[in-house]
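# Working through the structure, step by step
Okay, here's what each chain looks like letter by letter:
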Amino acid sequence: MNYIAYIGCRTTKERNARGEGIRVMQVSNGKWTELQLVKDLPNPSFQCMDHTGNYLYSIHGDFSEISAFSVAENGMLSYLNTVSTGGVNPVHLSVDKTNRWVFVANLQTGTVAVIPRGKDGRLLPLAHQYTIPGIESGCVSHPHQVTQDPDGNYLIVSCQGRKAGFGQVNVFRIHSDDGTLEKTCTVKSREIAEPRHLVFHPTGAWCYGVNEKDYTVTAYGFDAHKGILTPRQILPTLPDTYTGDGWASGIIMMSDGGYVVVSNRKHDSMTSFQIQKDGLLKYCDCVKTGGGQPRFITGSPWGTILAANETTDTITEFQLDKQTGQFLYTGTTIQSKSPVCITFRQPS
């Protein structure tokens, strides 16, 4: 089976980056071959596809824009347009279930942007903007992710808080007819936790959030009728024999719903947790990713795990044993400059 991979990266001197733009790669029988390099894009970092797979959207980290691209049958990208996100340093995005709205988290200015999609895939001007307030007037809580529950009815916004805000996870009901958001729940985190990203179990009954600064993972219950999150458990993401510092970063759910995997910067590792019958987590394994600062991890369409090692310009591949939760390096390392996101599409 052939797949197309889109690799986002950092490009600026301020990020000490070496990336050049979005790399379009064909993946066939374990071999990665570059098809296209879309240049002249500042920090085309996090990205997502629309629900047809015919359009790709990329945010420009540290800046204030999002760009749209059409996807040809062979996977090649064609630039469509760029619009403002209405804030600074967009770090995450997602498309609503009706394919009409793109949600963006503006980390620095503390806002969630709602941007309409045209029928031709182009982005339209900002429609709505929601501020996540901080401790005092004029302060914000720094949202880092805008993900959705499996049914696409709710937008879940993880907020780091940082010094002037509150670490929290907010839940908003999505009104897809006009793109508005209605808050249904706020869960405050531990004081220094800084919630970063969250993933749902396929059943939708449980979800799991990674907390950056205290390098922990939180297990939540989720009431899909009311849009309510309930924290149930917190576990460290690093081995109990490790006494150094860490920054937890990425989190993914394995496709069969059996395990959650978290990446750790500073420690430069990944950690696996088995999901028990009651939805709580059990620590299983931790492995070095073979590179520096794995800011992003993802599951591949063929069932492996890919770690994007931002500071050492590599993407490394691992298998996860479904019985033990232990990692095994597959022997595949892809060279890619300052990688921070990988998105897949199966060619037509």
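### Some points on the packing of aromatic side chains
Counted according to the given criterion, the structure contains 12 aromatic pairs. Between Phe46 and Phe296 the ring centres are 5.8 Å apart and the planes differ by 75°, which places this aromatic pair in the edge-to-face class. Of the two residues, Phe46 sits in strand E4 (residues 44-49) while Phe296 sits in strand E24 (residues 294-299), which places them 250 residues apart along the sequence. By relative accessible area, which is 14% here, Phe46 ends up buried. An aromatic cluster is built from Tyr3, Trp32, Trp302 and Phe344, whose rings are joined through pairwise contacts. Positioned over the ring face of Phe166 is Lys188, at 4.2 Å from the centre of the ring.

### Things to note about the pattern of salt bridges
Should the charged atoms of two oppositely charged side chains come close, the side chains can pair. According to the stated counting rule, one finds 14 salt bridges in the structure shown. Close ionic contact of Asp245 with Lys266 constitutes a salt bridge, the shortest N to O distance being 3.0 Å. Here the residue Asp245 occupies a position in the loop between strand E19 (228-236) and strand E20 (247-253), and Lys266 occupies one in the loop between strand E21 (259-265) and strand E22 (269-275), the gap between them amounting to 21 residues. Residue Asp245 is classed as partly exposed on the basis of its relative accessible area of 41%. Note on Lys266: relative accessible area 42%, which makes it partly exposed. Three or more residues joined by partner-sharing salt bridges are found here, namely Arg10, Arg295 and Glu310.

### Things to note about the sheet that holds strand E26 (residues 314-320)
Sheet architecture is open: 4 strands sit in the order E24-E25-E26-E27, paired in antiparallel fashion. Each edge of the open sheet carries a strand with a single partner, namely E24 and strand E27 (327-335). Across this sheet, the average inter-strand angle for adjacent strands is 25°, counted without regard to direction.

### Brief notes about unusual backbone geometry
The backbone of Asp40 sits at a positive phi, close to 60°, despite the residue not being glycine. Along the chain, the position of Asp40 falls in the loop between strand E3 (31-38) and E4. We note that Asn43 has phi near 45°; this positive angle belongs to a residue other than glycine. In this structure, Asn43 sits in the loop between E3 and E4. Overall, Asn43 belongs to the buried group, its relative accessible area being 0%.

### Observations regarding the environment of Ala68
Along the chain, Ala68 falls in strand E6 (residues 65-71). Considered as a pair, Ala68 and Val83 are 15 residues apart in the sequence and their alpha carbons are 8.7 Å apart. Ignoring sequence-local partners within four residues, the contact set of Ala68 consists of Leu56, Tyr57, Ser78, Tyr79, Leu80, Asn81, Gly121 and Leu123.

### Considering the environment of Gly290
Within the secondary structure, Gly290 sits in the loop between strand E23 (281-288) and E24. Taking the relative accessible area as the measure of exposure, Gly290 reaches 70% and is therefore exposed. In this structure the C-alpha to C-alpha distance between Gly290 and Asp223, which are 67 residues apart in sequence, comes to 39 Å.

About the criteria used
- Residues numbered from 1 in each chain as written.
- Predicted model: local features only at pLDDT ≥ 70, side-chain atom pairs only at ≥ 80, totals over all residues.
- Heavy atoms only, no water.
- Phe/Tyr/Trp six-rings, centres within 6.5 Å; stacked < 30°, edge-to-face > 60°.
- Helix = DSSP H or I, 4+ residues; strand = E, 2+ residues; numbered from the N terminus.
- Buried < 20%, exposed > 50% of the residue type's maximum accessible area, 1.4 Å probe, protein only.
- Lys NZ or Arg CZ within 6 Å of the ring centre and 35° of its normal.
- Salt bridge = Lys/Arg side-chain N within 4 Å of Asp/Glu carboxyl O.
- Pairing = 2+ DSSP bridges.
- Axes fitted to C-alpha atoms, helices over the stretch in contact; angles between N-to-C directions.
- Contact = heavy atoms within 4.5 Å.

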